[in-house]
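# Chains, contacts and geometry: an overview
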Amino acid sequence: MNFLVLLLISGVILLFAYRIYGRFLERELKVDPGRETPAMTVNDGVEYVPAKKPVLLGHHFATIAGGGPITGPIAAVVFGWLPAVIWIIVGSIFIGGVHDYTSLQASIRHKAQSIGTIIKEYMGGRGQVLFLTFSIATLILIVGVFMILVANTFVSVPEAATASMLFIGIAIIFGFLVNQLRMNFVVSSVLGVVAMLIAIWVGISFPLHLSATTWSLILLGYAYVASVMPVWLLLQPRDYLNAFLLYGMIIGATVGILIAAPTIQMPAYTGFNHETMGFLFPILFITIACGAISGFHSLVSSGTTAKQLDNERNGKFIAYGGMLLEAFLAIIAIGSVAYLTQADFAARLEALGGPIGTFAAGIGYFMSFWGISESVAVTFTALTASAFLLTTLDSATRLMRYAVQEITENRAPQAFQNSHVATVTGLIGAAALALTGTWEQVWPLFGSANQMLGALALLAVAVWLKKTGARNFYVVIPMVFMFLVTVAALGVLMYNNFVASNWLLFGSAFVLFVLCIFLALEGWRSIFEEEADSTIKM
């Protein structure tokens, strides 16, 4: 089969889904463009900052995408490309997109508060503590695994390391020019993109060679600084500018695929049981998280995006549209390796140090068909991927800080409400994970925790909708499916790590399993109460 045909079919399905199912969700959630959002009513210049539609899409998409829609799909093609593609398309339309969009709207209706706060309102303080504990554990895994992936990428593609460091300075200058000096937005954007292109040239000319451990330490410092800086100074402008990289990569890859018309050589289906990955169910559904559904997205939607949304109507474009765009990227990621044989894929994965380098090699090969040097294209792709890994890394650290502050409020010493103390508290666990683990060991646990977090966010939204008297079947059905998937996955991980005597990962999986069972019981009781409270309004 020609991969171009598969890509075009996928794109058409996702576009129709945005138009049809996205409109259905908008009606069900009673979106009101005339209702002021928290970003407009609070607007404190630090956390609550109204953002222009393209800027917020760039921030949101850059944050949710990261390396997830690349790493997961590439790891999952061992089961064949067809199960991966089906899960990405169906999951993003009916589960992931619903999860992201409803999380955003639920937060907007609650003064841009987190999903944990919404759980507290409708399920009580115990439910909030359980959810926040689960969230912090998941965020530690996210920060740890993405730190490993970024460090490995910088070691294998040192040109991307130099450019990535320069991008940080460019973003800070851009944020200052736009938000403090009020420079024309279009002019600033053009200058920012030109500066990024220059940074890419500098990176290619002066690669930065450091060890993975050194990079991990540098990334720890960066994550800390990014967490405590005002959102307009670094996160918002860097994500916006980085989005141009990703748009450029997606367009460049798509044009390359149009010209190259690569034939898929990997088998569509290899079997239900893989010798190292395990059984297709539930492993496929936790391996491919970003691209289909990711619980991390609910923390982004309710943690940073809700504080920047200037109009409720833009929520569908940013949250639901952003999820479907991520699904399209995940399909491209599959194409970056599907033109190889299984043996060639395995060899490349080992030689290039993991899925990011493998993805860069594949996309660089496609881009070379429209005249660009393959080595330059590979560097550009690796740079783009690492830029988005960094985006997830710093945003996840900020969200972890929010969760630590929220769970310790009125429960621990006042010092934990300090941004610096809360950030360091969360980074301790992530640092231990990043400096001692490998992405292959951590990814299955991260995937399980991430997907369970998605199920819990859907649970919170389902309870909110029930309490307000609104229909919630379109949330409850994916919630139940994700609970079944992730409980099964955590059970498999506990068994595998117990047999392998990996007590750290076994203990982590066990704690997550217990937490999700308690939360599921709390949510079940709340959802299936006989009557909704008619005094609560959407």
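So, on to helix H7 (residues 125–156). Residues separated by three or four positions in an α-helix point in the same direction, a consequence of the helix having 3.6 residues per turn. Taking 1.5 Å as the rise per residue, H7 with 32 residues should run 46 Å; its terminal C-alpha atoms sit 46 Å apart, in good agreement. For H7, the buried fraction is high: 23 of the 32 residues fall into the buried class.

Right, let's talk about the pattern of salt bridges for a bit. Applying the stated rule across the entire model yields five salt bridges. With its nearest N and O atoms 4.0 Å apart, the salt bridge here joins Glu 26 to Lys 316. Within this pair, whereas Glu 26 is found in helix H1 (residues 3–28), its partner Lys 316 is found in helix H14 (residues 314–338), the two being separated by 290 residues in sequence. This pair shows no difference in class: Glu 26 is buried, exactly as Lys 316 is. The closest approach of N and O atoms between Glu 312 and Arg 109, which form a salt bridge, is 3.5 Å. With a gap of 203 residues between them, Glu 312 in the loop between helix H13 (295–303) and H14 and Arg 109 in the loop between helix H5 (81–108) and helix H6 (115–123) connect regions that are remote in the sequence. Glu 312 gets classed as buried once you look at its relative accessible area, which sits at 1%. Among the residues examined, Arg 109 registers a relative accessible area of 14% and is labelled buried.

Quick look at helix H9 (residues 185–205) now. Relative to the 30 Å expected for 21 residues at 1.5 Å per residue, H9 spans 30 Å between its end C-alpha atoms, a close match to the ideal helical length. Where H9 is concerned, the buried positions are Phe 185, Ser 188, Ser 189, Gly 192, Met 196, Ala 199, Ile 200 and Gly 203. Looking straight down H9, one finds that the buried residues subtend no more than 120° of arc, so they occupy a single side. Exposed side of H9, more than 90 degrees from the buried face: Val 186, Leu 197 and Trp 201 are the residues found there.

A word on a nonpolar patch on the surface. A contiguous nonpolar patch, built from Leu 8, Ile 251, Val 255, Leu 258, Ile 259, Tyr 365, Phe 369 and Trp 370 and spanning about 730 Å² of accessible area, is present on the exposed surface. Ranked by residue count, the leading element in the nonpolar patch is helix H11 (residues 235–260), at four residues. Within the secondary structure layout, Ile 259 lies in helix H11.

This paragraph deals with the packing of aromatic side chains. Applying the stated criterion across every chain yields a total of 25 aromatic pairs. Between Tyr 365 and Phe 366 the ring centres are 5.9 Å apart and the planes differ by 50°, which places this aromatic pair in the tilted class. By relative accessible area, which is 31% here, Tyr 365 ends up partly exposed. Owing to a relative accessible area of 0%, Phe 366 belongs among the buried residues under this scheme. Considering the side-chain rings of Trp 503 and Phe 506, the 6.1 Å spacing of their centres and the 90° angle between planes classify their relative orientation as edge-to-face. Of this pair, Trp 503 and Phe 506 are both found in helix H21 (residues 503–527), three residues apart, which corresponds to roughly one turn of the helix. Linked through ring pairs, Phe 61, Phe 174, Phe 185, Tyr 240, Phe 244 and Tyr 247 together constitute an aromatic cluster.

Conventions we followed
Residues numbered from 1 in each chain as written. Predicted model: local features only at pLDDT ≥ 70, side-chain atom pairs only at ≥ 80, totals over all residues. Heavy atoms only, no water. Helix = DSSP H or I, 4+ residues; strand = E, 2+ residues; numbered from the N terminus. Expected span 1.5 Å × (residues − 1). Buried < 20%, exposed > 50% of the residue type's maximum accessible area, 1.4 Å probe, protein only. Salt bridge = Lys/Arg side-chain N within 4 Å of Asp/Glu carboxyl O. Arc of directions from axis to C-beta. Patch = residues over 30% accessible without salt bridge, like charges linked within 9 Å, V, L, I, M, F, W, Y side chains within 5 Å. Areas by Shrake-Rupley, 256 points an atom, 1.4 Å probe, with all protein chains shown as cover. Phe/Tyr/Trp six-rings, centres within 6.5 Å; stacked < 30°, edge-to-face > 60°.

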